[in-house]
Amino acid sequence: MTYRLLCLPLFLLWFSCQSPKNKINIDDIFLSWELEENIAVPNQSHTAKFTITNSGKTPLYPDWEIYFNTIFLSVNPTSLDENIVVEHLSGDFFRIKPAMDFPVLRPDQTYSFSYQSDNFIVKNSHSPQGVFMVFGDEEKGHQINNYSAKEFSLGDLYKKAEGTSLPIPVGKNLFEQSKGLTFLTKKEFSPIIPTPKSLEWDEGELQIDGDFEISYDEEFSQEAEFLINSLSSKYSGKVTLNTSHEAIIQIIKNPVIESLEEYNLEITDKIQIQANHPKGVFYAVQSLLALLPVDNFIEAQSKLVFPKLKIEDEPRFAYRGLFLDVARNFQTKEAVLKLLDLMAFYKLNVFHFNLANDEGWRIEIPNLPELTDVGSKRGFSRNEENFLWPYYGSGPDYDNSPNGTGFYTVSDFEEILKYAHERHIEVIPELGVPGHSRAAIIAMRKRYHDKKEIDLDAALEYLLEDFEDTSEYLSAQNFRGNTLCICQESTYNFYEKIVDEMMARYQSAGVPLNTFHTGGDEVPHGAWTASPVCADFISKHEDLNEVKDLTNYFYKRVNKIFEDRGLQVAGWEEIGQKTVTENGKEVSRPNPEFADKNFRVYAWNSVAGWGGEDMAYQLANVGYEVIVCNSSNIYFDLAYNMDPDEPGHQWSGYVDLNTSWRTVPLNHFISNEKDMYGRPIDPDELAKGKIKLSEQGKKNIKGIQGQLWTETVKGQDMMEYYLLPKMLGLVERAWAADPSWTTIKDPEKRIEEREKDWNRFANTVGQKEIPRLDYLFGGFNVRLPKPGTLVHEGLMHVNVETPGLIVRYTRDGTEPDMNSPEYSAPMPIEGNIKVRVFTPSGHAGETSTCLQKSN
């Protein structure tokens, strides 16, 4: 029974004097969390309750603290219990501690306390995570193994959202989303993704068995070897190379082909690949491999079977990127190499590698061991002096924190560079400044304190902060003290050192480094405003009048560092912006200072209704080189939908396969039909007063990139789940030609043609791509869609987002498995029907339930 305990004043007086230390077995502590109230409209808020139980035989004295992580709690939560303090420490890290009058918890006693926050909880994964306990003054955290968070269901959320437009993904809503999809025959859709520029089907198939040869021009020897190596796991016959042109597979140089990545692939009674550059051959090889049946990816077959066809192909964009953040949560080298294989298979050619952030530094830098000794580790300590706090539920023990602790050695990173280069993938490192730098700041602080008594000059050489700075600010991710002091020379010493060491890694790997990403995003308002070092610095520079002038100074210095080394400066859109006042409001506009300095900006903040929908076009029009990174369409850390069991963010909406595929890089106003709240978007209204791309601006849009930030991504399986299949929409938009429907002015006709195009793409994904992904490169953890369900006139109708996947059902309330009957046509509602999507391999998705009427 849960109850409030009465305090004993005399006992507490004794306790306050004696402070007996807890001798508790942590496994005797039970902690639970549950939502008490969750309000979506008109003003978001939630109330939640913790319940702590002492199930042991020893009293639990109130000299404990409970720590937990959640991004989805305000930094000023209100404790509804005067005996409990709930406080924000840093980032997503919070602490609960008892107040003076908190009672001793005797054996089998329970205490409950509640708090309130000004946000609406959408996901079960948004509850407190990584919960542990600390006793007295000790520096050790004890993981609470008996912690549980009460989950809420899709039905609960649906009831909460009644009367709103919130897009709750119950069966009938999922059915509505996919109601226009039909199953197509194999020649009605592209056999590969991305869709080739030109495809002509012929009749019949080419079958190859026995030993055979591949001929090639000597310039393409590496690509020919790559093809042989790729076939070795798919074909049991012997394959050899020669340099004549009489083999059944021929790789031929064609100087008429102008584009580096362009190729022709023709399959008749032989296979002929033509290109003018190794890149073109490499992409032809990917297309050829993608034409093989799934069986060849399961195990080596005695035959190779290809459809007869002719492909002429080249990419739409020269830059086709994927961003991976390994700072917030770490990914192993092996996971990264597998991801590079996936990128190459789908013809992505830029890997944007985020190696440092507030929550971790992930790359070894020779002669600065503190960056990894301190900055790559996460665990519990009182002062975050020797390693970082355990952000994102990474746990109190830094030696047992696979997502929180980790870095790439020099040899690891060089191996990644070489592996990518062999697959024609450029690796762009990001070591962001001046914000998002808490890991580096803490590491260099440790270096300073370790060296100051021995050699003060050496201690100061790479110091990144002004110890007297009392500026008050909070970053977008709720960090304080995460911004470099850009007014002291040691900061520039540090960044030059980092850049030079990274250049050395590329040189050692034999891989060119052309572009370096400097971050530059989300510098918190208020940074440097109370820094004595910056105040003195501004007073001594005639061209600086106030704190806001420091940004231009900083990027002039950064640009000089890169210019001297022959590197291009890249950063998020903020490095090309300045703040101006228009109609009494501060807004961001392109900064002319760097428009002609060869800066590359990554435009991300494009949420419908926030005002930045046209920022990519503003920047491109004034001369910046732009990569389109729309958060509302190709931020893959956003959850697939509002289902409480779907992990991920929702700050910029929800991103599924269709959302990423629907991206229109050169006309973002028509990329989405609804906002994150399910409200319709009028493209014409959205575009009013916004900047359109000029002809010169179109030339400055160099490409498109999908992003996977990893605050909510724990390990390789989750990384793959977040990426697949939604990443395939990015693949299509990056390579395939701009679809004709994007230029149709009439909204109804545009949507009609777009839906026809979507049906073709969805069929390729469902019939070809997802079944193969179960085996490709050892298999990926692909997220399968829930079936849509609708009851009409007593019959249950079922559909799926990607036609070709198998739907199985049960009528007795049990979970469908591979032995369950396959759904093929509308059927009578009888019993407790459950439906579930499967691939041919038996890989299954989540279940939808149908009880006499649609759920």
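Quick caveat: nothing in here was measured; it's all calculated off a predicted structure.

With that settled, consider the overall build of the protein. Along the protein, the regular secondary structure elements total 22 helices and 34 strands. Over its C-alpha atoms the protein spans a radius of gyration of 29 Å, differing by no more than 12% from the 29 Å that the globule rule assigns to 855 residues. The dimensions of the protein, computed from C-alpha atoms along their principal axes, are 95 × 75 × 60 Å. In the protein, which comprises 855 residues, the share counted as buried stands at 59%.

Let us now look at the state of the cysteines. In total, this model carries one disulfide according to the counting rule given. In this model, Cys487 is linked to Cys534 through a disulfide, with the two sulfur atoms separated by 2.2 Å. Its S-S torsion of approximately 100° makes the covalent link between Cys487 and Cys534 right-handed. Of the two residues, Cys487 sits in the loop between helix H11 (456-460) and helix H12 (489-509) while Cys534 sits in helix H13 (residues 532-539), which places them 47 residues apart along the sequence. As far as the burial class goes, Cys487 and Cys534 line up, both buried. Unpaired in terms of disulfides, Cys485 finds its nearest cysteine sulfur in Cys534, a separation of 4.1 Å.

Taken as a whole and judged by the stated rule, the model has 53 aromatic pairs. For the pair Phe345 and Tyr346, a centre-to-centre distance of 5.1 Å together with 90° between the ring planes defines the contact as edge-to-face. One exposure class covers both Phe345 and Tyr346, and it is buried. On the basis of an interplanar angle of 45° and a centroid distance of 6.0 Å, the ring pair of Tyr492 and Phe554 is categorised as tilted. Residue Tyr492 is located in helix H12, and its partner Phe554 is located in helix H14 (residues 550-564); the two are separated by 62 residues in the primary sequence. In this structure, Tyr492 and Phe554 share a single accessibility class: buried. An aromatic cluster of at least three residues, connected via ring pairs, comprises Tyr67, Phe93, Phe132, Phe380, Trp389, Tyr391 and Phe479. Here the basic side chain of Lys338 rests over the ring of Phe780, its NZ or CZ set 4.3 Å away from the ring centre. Stacked on the ring of Tyr640, the Lys or Arg Lys726 has its end atom at 3.9 Å from the ring centre.

With that out of the way, let us pick up the side chain of Thr515. Tracing the backbone shows Thr515 in strand S22 (residues 515-519). Looking at Thr515, its side chain comes within polar contact range of the side chain of Gln568, at 2.9 Å. Filtering out sequence-adjacent residues up to four positions away, Thr515 remains in contact with Glu426, Ile428, Pro429, Gln568, Ala570 and Arg600.

As summarised here, the arrangement of the seven strands in space is S11-S17-S15-S16-S14-S12-S13, forming an open sheet in which the pairing is mixed. Every other strand in the sheet has two partners, leaving strand S11 (198-209) and strand S13 (239-242) as the edge strands with one partner each. For this sheet, the mean angle separating the axes of adjacent strands, direction not counted, is 20°. Of the pairings in the sheet, the one linking strand S15 (residues 263-267) to strand S16 (residues 271-275) comprises five bridges and is antiparallel in character. Opposite Glu266, over in S16, you have Gln272 as the bridge partner. Packed on one face of the sheet, helix H4 (residues 221-231) meets strand S12 (212-216), S13, strand S14 (249-253) and strand S17 (303-313) and runs near 155° to S12.

Buried residues dominate helix H21 (residues 727-735), accounting for nine of its nine residues. Within H21, the full set of buried residues consists of Met727, Leu728, Gly729, Leu730, Val731, Glu732, Arg733, Ala734 and Trp735.

Tallying each qualifying case throughout the model produces 49 salt bridges. Note that Glu711 is salt-bridged to Arg328, the shortest N-O span being 3.0 Å. You can see Glu711 sitting in the loop between strand S28 (701-708) and helix H20 (716-723) and its partner Arg328 sitting in the loop between strand S18 (319-325) and helix H7 (333-345), a full 383 residues away along the chain. A relative accessible area of 8% means that Glu711 is categorised as buried. For Lys540, the salt bridge is made with Asp536, and the minimal N-O distance between the two is 3.0 Å. Its relative accessible area of 61% is what places Lys540 among the exposed residues. For Asp536, a relative accessible area of 37% translates into the label partly exposed. Taken together, the salt bridges that share partners define one network made up of Glu65, Glu87, Arg95, Lys97 and Arg382.

Averaged over the protein, the pLDDT score is 95; the fraction of residues at 70 or greater is 97%. Scored below 50 in pLDDT, residues 1-19 shows 31 contacts in the model against residues more than four places distant or in partner chains.

Between Ile193 and the following residue, Pro194, the backbone shows a cis peptide bond with an omega angle of 5°. Tracing the chain through its elements places Pro194 in the loop between helix H3 (171-177) and S11. In the segment running from Val433 into Pro434, the intervening peptide bond is cis, with an omega of -5°. For Pro434, the location among the structural elements is in the loop between strand S21 (426-433) and helix H10 (438-451). The backbone of Trp528 shows a phi angle near 75°, a positive value even though the residue is not glycine. With respect to the helices and strands, the residue Trp528 is situated in the loop between S22 and H13.

We now examine the pairing of strand S24 (residues 577-582). As defined by bridge partners, S24 adjoins strand S25 (residues 585-590) across six bridges and the pair is classed as antiparallel. For Thr581, the partnering residue across the bridge sits in S25 and is Glu586.

As a further point, take the packing of H21 against helix H22 (residues 747-773). Packing of H21 against H22 leaves a shortest axis separation of 12 Å and a crossing angle of 125°. What the angle tells us is that H21 and H22 run oblique. As H21 packs across H22, the resulting crossing turns out to be right-handed. Along its contact with H21, which presents Leu728, Gly729, Glu732 and Arg733, the element H22 presents Asp757, Phe761, Val765 and Glu769. Residue classes in the contact of H21 with H22 are distributed as three nonpolar, one polar and four charged.

What counts as what
Residues numbered from 1 in each chain as written. Predicted model: local features only at pLDDT ≥ 70, side-chain atom pairs only at ≥ 80, totals over all residues. Heavy atoms only, no water. Helix = DSSP H or I, 4+ residues; strand = E, 2+ residues; numbered from the N terminus. Rg over C-alpha atoms; globule rule 2.2 N^0.38 Å. Buried < 20%, exposed > 50% of the residue type's maximum accessible area, 1.4 Å probe, protein only. Disulfide = S-S within 2.5 Å. Phe/Tyr/Trp six-rings, centres within 6.5 Å; stacked < 30°, edge-to-face > 60°. Lys NZ or Arg CZ within 6 Å of the ring centre and 35° of its normal. Polar contact = N/O pair within 3.5 Å; in protein donor to acceptor, adjacent residues only side chain to side chain. Contact = heavy atoms within 4.5 Å. Pairing = 2+ DSSP bridges. Axes fitted to C-alpha atoms, helices over the stretch in contact; angles between N-to-C directions. Salt bridge = Lys/Arg side-chain N within 4 Å of Asp/Glu carboxyl O. pLDDT = per-residue confidence, 0-100. Parallel < 35°, antiparallel > 145°, perpendicular 65-115°, else oblique. Left-handed = near helix turned anticlockwise from the far one by under 90°. Nonpolar A, V, L, I, M, F, W, Y, C, P; charged D, E, K, R; others polar.

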